[in-house]
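Listed here are the chains, written in short residue letters.
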Amino acid sequence: MHQFLSVSKYEFRMSFMRRSLLVVFLLFTAFFAYIAVDIGFGTLGGEVTNEVLLSDAAQNIFFLNLFFPVIAGIAAADRGVRDSKLGVREIIRSTDLSNRTYVLGKYLGVATSMLVMVLAVGFMESLILVV
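Reading the values: the criteria
- Residues numbered from 1 in each chain as written.
- Predicted model: local features only at pLDDT ≥ 70, side-chain atom pairs only at ≥ 80, totals over all residues.
- Heavy atoms only, no water.
- Helix = DSSP H or I, 4+ residues; strand = E, 2+ residues; numbered from the N terminus.
- Buried < 20%, exposed > 50% of the residue type's maximum accessible area, 1.4 Å probe, protein only.
- Contact = heavy atoms within 4.5 Å.
- Axes fitted to C-alpha atoms, helices over the stretch in contact; angles between N-to-C directions.
- Parallel < 35°, antiparallel > 145°, perpendicular 65-115°, else oblique.
- Nonpolar A, V, L, I, M, F, W, Y, C, P; charged D, E, K, R; others polar.
- Expected span 1.5 Å × (residues − 1).
- Bend = angle between axes of the 7 residues up to and from the residue.
- 1 Å grid on protein atoms, 1.4 Å probe; cavity = no way out; pocket = protein on both sides within 12 Å on 5 of 7 lines; lining within 4 Å.
- Points joined across faces, edges and corners; volume = space filled by probe spheres on them.
- Patch = residues over 30% accessible without salt bridge, like charges linked within 9 Å, V, L, I, M, F, W, Y side chains within 5 Å.
- Areas by Shrake-Rupley, 256 points an atom, 1.4 Å probe, with all protein chains shown as cover.
- Salt bridge = Lys/Arg side-chain N within 4 Å of Asp/Glu carboxyl O.

### As for the overall build of the chain
The helix and strand tally for the chain stands at six helices and zero strands. Helices and strands in the chain line up, N terminus first, as α-α-α-α-α-α. Out of the 131 residues in the chain, the part that is buried amounts to 28%. Counting contacts in the chain only where the partners sit at least 6 residues apart, residues at least 24 apart contribute 88% of the total.

### A few points about the packing of helix α1 (residues 2-17) against helix α4 (residues 79-86)
Angle between the axes and distance between the axes: these two values describe a pair of packed helices. Their axes nearest at 13 Å, the elements α1 and α4 cross at an angle of 95°. Between α1 and α4, the interaxial angle falls into the category roughly perpendicular. Contact with α1, carried on its side by Y10, E11, M14 and S15, involves R79, R82, D83 and L86 of α4 and no other residues of that element. Split into classes, the residues belonging to the contact of α1 with α4 amount to three nonpolar, one polar and four charged.

### Points about helix α3 (residues 50-76)
Taking 1.5 Å of rise per residue, 27 residues should cover 39 Å, and α3 covers 38 Å from first to last C-alpha, within 8% of that figure. The largest bend along α3 measures about 25° and falls at F67, with the proline P69 one to four residues further on. Residues D56, N60, L64, F68, I71, A72 and A75 constitute the buried set of α3.

### Overview of the layout of surface pockets
In this structure, the largest pocket encloses a volume near 200 Å³. Lining the largest pocket are 13 residues, and of these V7, V88, I92, L97 and Y102 sit closest to its centre. Those elements that provide at least two residues to the lining of the largest pocket are α1, α5 (88-94) and α6 (99-130). For the lining of the largest pocket, the element with the most residues is α1, which contributes five residues. Considering only residue class, the lining of the largest pocket consists of seven nonpolar, three polar and three charged.

### Regarding a nonpolar patch on the surface
The grouping of F62, F63, L66 and F67 at the surface amounts to a nonpolar patch, some 370 Å² of accessible area in total. Within the secondary structure, F63 sits in helix α3. Note on F63: relative accessible area 31%, which makes it partly exposed.

### Looking at the side chain of K106
Locating K106 in the fold gives a position in helix α6. Residue K106 is classed as buried on the basis of its relative accessible area, which comes to 11%. For K106, the residues in contact, after removing those within four places along its chain, are V7, E11, R79, R82 and D83.

### Notes on the environment of K9
In this structure, K9 sits in helix α1. Judged by its relative accessible area of 55%, K9 falls in the exposed class. As for K9 and S113, which are separated by 104 residues in sequence, their C-alpha atoms are 9.7 Å apart.

### Regarding the environment of M124
Assignment of secondary structure puts M124 in helix α6. When neighbours within four sequence positions are excluded, M124 is seen to be in contact with L26 and T29.

Here's what the structure looks like:
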């Protein structure tokens, strides 16, 4: 269990150290914030009610949930290549870490880091819609 958590923690940190991933998430956040403010509120033309705000927020989060798994999948696809380039794969082979624990730990670390980013983007989108 300790090995599994260590691999997950390592992958979580490595995802957050990638500036390109953060930039892509911020660009998509800015794009969807622009859509929410410009298109969502620009077509109302009248009174802004709670129902309208909730439907706009729900539609915006729906679109985020369509695109962010694609970004997360692309960003997580290079983990094996990165481990080979950094020489981590050879170190892992010398330990008693099983492939199952290694792959599941990598999956949990990447999934957790992407989940944190998506939740942060959803929170920022909510703030933009409310303010």
